[in-house]
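# Structural characterization, general
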Amino acid sequence: MGTRIAGRPGAAGVAVGPVWRYNAGGTAEAQRKTAAVGDPGEALHAAAVEAASQLEALAGRVRDLGRPDEAGIFEAQAMMATDPELLDEAVARVQAGEEPVSAVRAAADAAGAILAALPDELLAARAADVRDVGARIARILLGEEMDLPGVPSVAVADDLPPSVAAEIPPGFLLGVALEGGSITAHAVILARGLGIPAIVGAKGLTRAAASATSVAVDGGSGEIVLDPGPDDLAEFSARAAALGESRRAAAALRGRPGATADGERVALLANIGSPEDAPRALDAGAEGVGLFRTEFLFMKRQTAPAEAEQAAAYSAAFSAFGPDRPVVVRLADIGGDKAIPYLDLPAEANPFLGVRAIRLAAHGSRELLLTQLRAIWRAAGRAGVTPHVMAPMVTTLDDARLLLELRDEARADVAATGNPLPERMVTGVMVEVPAAAILAPELARLVDFFSIGTNDLTQYTMAADRGNPALGHLQDALHPAVLRLIRDVVTGADESHIPVAVCGELAGDPAGALVLVGLGVDELSADAGSLDGIRAALAGVTRAELDDLAGRALAAGDAETVRAMAGALLGRHDRPAAP
Amino acid sequence: MQVAELDIRNPSGLHARPAATFVKTAAAFRSKVSIENLTRGSKPANAKSLLGVLACGVEKGHRILVSAEGEDEVAAIEAVRKLADGDFGEAAKG
């Protein structure tokens, strides 16, 4: 039997393979070894030049793969590696008696701290890039620079920075197990994209894995087994086979609308980020779009998108899904966390608690939202569909009233131009601010539907930054505190007979989907790749079982308990039912 | 010593690519070149250091002071001024 370590699920999948350790720090013993060799200042310069040339080569490779944004990061890192300020600081530390490895790391940390303290979020993000450069120079000093996996392996690390992950050749990364990291870590997003398992927050992993040669990981359960024995290998290979079979069985249900075993309908919708995502969503059997993110129209440009340009994009999405598959357009969810030159937003200390989304209307950007609404009216008229729209970040009743006012004003503007117009616009609000959840009964009298954004609702309810790896235990949307708010939203919506959708990540997680439907949620919207899994999960349970699950979940003490309860209900149906 | 006060008009200020362009230009001269963010009131930083320039936090609309001291100081300031006039190769928004 191997050593078992529990982490948190990051990306589903099962993998077994050799351990590939990534260690950003290097060991104290190795640091002492290098100290004695040659002139430390010269060694440091040579390592910095080598790091720069590695990073330039990496930038070139990534650029050739058609990823220019990533290439830009590595080019800047190449310049940082031989930066005179960084090297002067490191050399000064060496002359003061510090060892080169810790000197370069300390210099990079100091430079990172200066950038992190700047008010500009984009610059602050560069802090991690500098620290990563310091780690790379340190690795070279330690003679560890060639330590990429030579055979397909499972990465075991505290965290895996983008510059390292990008160097692993395609097919050589079987899975990722991290001691740190959050479920939004770069490595986890990479793993989901590659369809390989990822586990985060596995306490004690790097120490325990120091001498392990092989590892088995289950990204769905968060289990890690170091040096698995024959029994473990049999178990994991059975899990891999079961996973493959249940994925195939779930795919066989495609084309059927979402429903519980006893026939209660639950609409399964896709989240899309541009009209180009439509074919993938339709292939996955999406019954419509529960969240059409429109930020792609507003980012990475110097002027606001014109009404005609927006209308073309909305019309493309409306036409792709047709009149029977509603597409819910979310008004631009933008704010101070991204530099949007044409908005002239002031820098904010807490952009996620600042002027963003619907709040922009009262801060000089009313026209921005009006233009978007006019474009949606126009596109719907052209495509011959009834448009569905929702506003993010709605907090108060006045926010909802403002949305309705903007909607009507936009309609009047388009009507004046003589364009064809639908009768109505189905208008909803996102419930992601706790105030909106608390005000649900009153909000429900104003709007046509709710869509709960569980990622932000969790972040705001638990007061825990989504990206902070230290707060993993506060980031699970299955926490009973969040679930009770969701229950209140459903109760408030029911009084006015309006539907409730969920479009956060919880909706795409089979365990989460069962709890949400148990709480009375009517529609689930998730990434197209998640629809098979939630469709199959719902098809295996009855309303009575879901009611029972919801009741126990609301009374539970923490998210782990809720996850285990939902997992037990799911597990009962792990053997896929015959289609 | 040669100095120039320059207004930054390009959208991303001295971040990312414009910062790299600025540093590469400064590094091509033998003179000591430094940069100060007058708007933010930063300390003078080594203009040949990307980290130094980034730490000035120069955003669109800021005014910077560039100084050069050395044998090619005139040419250095001229080159930097030309970059700023061309908005560091990044289209400026009116």
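Notes on the structure in this doc start here. Just so you know, these numbers come straight off a predicted model, no measurement behind them.

### Focus: the overall build of chain A
For chain A, the count of helices and strands is 22 helices and 16 strands. Each of the 579 residues in chain A was classed as buried or not, and the buried ones make up 49%.

### Quick word on the pairing of strand E7 (residues 214-218) of chain A
All names here are of chain A. In terms of residue burial, E7 counts as a mostly covered element, since four of its five residues are buried. Here strand E3 (residues 14-22) pairs with E7 via five bridges, running antiparallel. Along E7, the bridge assignment pairs Pro18 with Ser214. Counting the residues between successive antiparallel strands, the hairpin from E7 to strand E8 (residues 223-226) contains four residues, one of them, Gly222, with a positive phi of roughly 85°.

### Points about the sheet that holds strand E5 (residues 173-178) of chain A
The strands making up a sheet associate through backbone hydrogen bonding, with each pair oriented either parallel or antiparallel. Residue and element names in this part refer to chain A. If you walk across this open sheet you meet the eight strands as E1-E8-E7-E3-E4-E5-E6-E2, and the pairing is mixed. Bordering the open sheet on either side are strand E1 (3-6) and strand E2 (8-11), each of which pairs with just one other strand. Between one strand axis and the next, the sheet turns by 30° as a mean value, whatever way the strands run. Strand direction decides the pairing type here: E1 and E8, joined by four bridges, are antiparallel. Pairing of Arg4 across the sheet is with Val225, part of E8. The sheet strands contacting helix H10 (residues 230-252) are E3, E7 and E8, and the helix crosses E3 at an angle near 120°.

### Describing the interface of chain B and chain A
Each side of the interface is counted separately: chain B has 20 residues, and chain A has 23 residues. When contributions to the side of chain B that touches chain A are tallied by element, the ones reaching two or more residues are helix H1 (16-27) and helix H2 (50-55) of chain B. The greatest single-element share of the side of chain B that touches chain A, amounting to five residues, is contributed by H2 of chain B.

### Observations concerning unusual backbone geometry
Backbone phi values are negative for most residues with the exception of glycine, while trans is the configuration of most peptide bonds. The phi torsion at His497 of chain A lies on the positive side, around 55°, for a residue other than glycine. Relative to the helices and strands, His497 of chain A is located in the loop between helix H18 (480-495) and strand E15 (500-502). Non-glycine residue Asp87 of chain B carries a positive phi angle of around 50°. Position of Asp87 of chain B relative to the elements: it lies in the segment after helix H3 (73-85). For Asp87 of chain B, a count of 16 C-beta atoms within 10 Å corresponds to the partly exposed category.

### Here we look at the nonpolar core
With 109 residues, the main nonpolar core has Val289, Val429, Val489, Leu514, Val515 and Leu524 of chain A as its most contacted residues. Element by element, the count of residues in this core is highest for helix H13 (residues 366-383) of chain A, at eight residues. With residues near it in sequence (within four places) discarded, Val429 of chain A still touches Met390, Ala391, Val394, Ala400, Leu403, Ala436, Leu443, Val447 and Phe450 of chain A. Ala48, Ile73 and Met79 of chain A together with Leu50 of chain B belong to the second largest nonpolar core, which has 64 residues in total.

### Focus on the packing of helix H3 (residues 68-81) of chain A against H1 of chain B
At a minimum axis distance of 11 Å, the contact between H3 of chain A and H1 of chain B shows a crossing angle of 35°. Of the two elements, H3 of chain A crosses H1 of chain B, and the hand of that crossing is left-handed. For the pair formed by H3 of chain A and H1 of chain B, the contact residues are Gly72, Glu75, Ala76 and Met79 of chain A on the first element and Ala16, Arg17, Ala20 and Val23 of chain B on the second. Taken together, the residues of the contact of H3 of chain A with H1 of chain B break down into five nonpolar, one polar and two charged.

Definitions and limits used
- Residues numbered from 1 in each chain as written.
- Chains lettered and ligands numbered in written order.
- Predicted model: local features only at pLDDT ≥ 70, side-chain atom pairs only at ≥ 80, totals over all residues.
- Helix = DSSP H or I, 4+ residues; strand = E, 2+ residues; numbered from the N terminus.
- Buried ≥ 20, exposed ≤ 12 C-beta atoms within 10 Å, placed from the backbone.
- Pairing = 2+ DSSP bridges.
- Axes fitted to C-alpha atoms, helices over the stretch in contact; angles between N-to-C directions.
- Contact = placed C-beta atoms within 7 Å.
- Core = buried A, V, L, I, M, F, W, Y, C linked by C-beta atoms within 7 Å.
- Left-handed = near helix turned anticlockwise from the far one by under 90°.
- Nonpolar A, V, L, I, M, F, W, Y, C, P; charged D, E, K, R; others polar.

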